[in-house]
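Structure assessment
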Amino acid sequence: MDITEPILDRYFLGEASPEEVEAIGEWLSESPEHEKVFQEALNLHVNVSLALARIEGIADTEKAAAKPRKRTLLRRILITAASAAAVVAVSVWATWHGMISPLQERMAQTRTLVAEPGHQSRMVFEDGTEVILSGGSALTYPVVLADDIREVSIEGQAQFKVSKDAKRPFVVNTSRYRILVTGTTFDVLADAEGKLFSTALKEGSVTVTDRLSGESLALEPGQIAGIDNSGHLKLVKEGVEDQMIWSKGVVLCDGLSFQEIMSLFERRYGVHIVIERDDIPEGRAQRMRLRDSEGIESALKVLQLSGWDFKFVQDSNANTYYIR
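One structure accompanies this document, and this report is about it.

Scoring rules and cut-offs
Along each chain, residues carry numbers from 1 onward, in the same order as the chain's sequence is written. Where totals are concerned, whole chains, interfaces and linings use all residues; where local detail is concerned, this predicted model gives features only for residues with pLDDT of at least 70, and gives and counts side-chain atom pairs only at 80 or more. Side-chain metrics rest on all non-hydrogen atoms present in the structure, leaving aside hydrogens and water. The pairing criterion for strands is at least two bridges between them, as found by DSSP. Starting at the N terminus, helices and strands are each numbered in turn, a helix being any DSSP run of H or I of at least four residues and a strand any DSSP run of E of at least two. For helices, the fitted line uses only the C-alpha atoms of the stretch in contact; every axis is such a line through C-alpha atoms, and the angle between N-to-C directions lies from 0 to 180 degrees. Only heavy atoms matter for contacts: two residues are in contact if any of them lie within 4.5 Å across the pair. By definition here, a salt bridge exists when the distance from a side-chain nitrogen of Lys or Arg to a carboxyl oxygen of Asp or Glu is within 4 Å. Note on classification: 1.4 Å probe, protein chains only; a residue is buried when its accessible area is under 20% of the maximum for its type, exposed when over 50%, partly exposed between these limits.

1. Some thoughts on the sheet that holds strand β17 (residues 312-315)
- An order of β15-β18-β17 is seen for the three strands of this open sheet, with the pairing classed as mixed. For this open sheet the edge positions go to β15 (272-275) and β17, each flanked by a neighbour on one side alone. The sheet shows a mean angle of 20° between the axes of neighbouring strands, direction not considered.
- Taken together, the four bridges between β17 and strand β18 (residues 320-323) define a ladder with antiparallel strand orientation. Opposite Asp315, over in β18, you have Thr320 as the bridge partner.
- Contacts between helix α7 (residues 258-269) and the sheet are confined to β15 and β18, with β15 contributing the most and set at about 155° to the helix.
- Packed onto the sheet, helix α8 (residues 295-305) meets β15, β17 and β18 and runs at close to 170° relative to β17.

2. Looking at the pattern of salt bridges
- Taken as a whole and assessed by the stated rule, the structure comprises nine salt bridges.
- Of the charged contacts in the structure, one is a salt bridge between Arg150 and Asp127, with a shortest N-O distance of 2.5 Å. Placement of Arg150 in strand β5 (residues 150-161) and of Asp127 in the loop between β2 (121-124) and β3 (130-133) is noted, with a sequence separation of 23 residues between them. The same class applies to Arg150 and to Asp127, which are both buried.
- Across the pair Asp210 and Arg176 runs a salt bridge, and its minimum N-O distance is 2.8 Å. Placement of Asp210 in strand β10 (residues 206-210) and of Arg176 in the loop between β6 (170-173) and β7 (177-181) is noted, with a sequence separation of 34 residues between them.
- Residue class for Arg176 comes out partly exposed when judged on its relative accessible area of 22%.

This is how it looks when you write it as structure tokens:
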């Protein structure tokens, strides 16, 4: 079934047939573009209804005036349309607030976008907010952005460029931290366990809150929120550009330990790395920048040439590298 404007109008009015409701649900699940068309149609439908309802209010006020005035043909048309619009507005309200509203159910649904390891994924929401996902990262988002808050979740690393909307704050959740955003450009890095976290702010402002301790930290452009050795939020005043350089296809290893680099490689290259030795190579990487496009084996060889003494063996069937 083709989803046309009349079918969507009937849906918003609560007059769609069960077959049309089912068809709309399937159509929405087919692509984000369909969701965008749906949201635009809904916004237009409600805005027109409210505008006509306001016209009715103006007409009623004039009708109640002490001195009656002759109505023009145009005014009679507008009043008739406004009366119909009042019914439309009530129907829309009932649809939105019904216990089993299909639209409410749709708004409660979420989707997850996963970037293929070694590649980036980009998504633009209907409000213009842009998200770039690093390879191996996942973004969970609502099918329809709510009217009061725009809220998503991230695991891995992503860069956000959030469109300003004073009435709808933007929130990014990680496994442990909540980032409240105004219109801004920033980067988030977080793992599923809550042990790895940093937020680098380029433009605008964000407030990071630890949901476990309640501790909060407000950032200004050029600052990074990270975690200290005791697990508390800390403020770093440099390194924003370095944290965000991954979007240019660069793997930045500066200052990381061997184990931290292995975890980074797993996420960026989509492999599993097993360290089969008790003595973990010591030290931290200095001025080390790699390219996503060069692959995992090239990256491991660069580490060997930098002075870390280890060997690696690949199990291609299991997509695993063993460090020995």
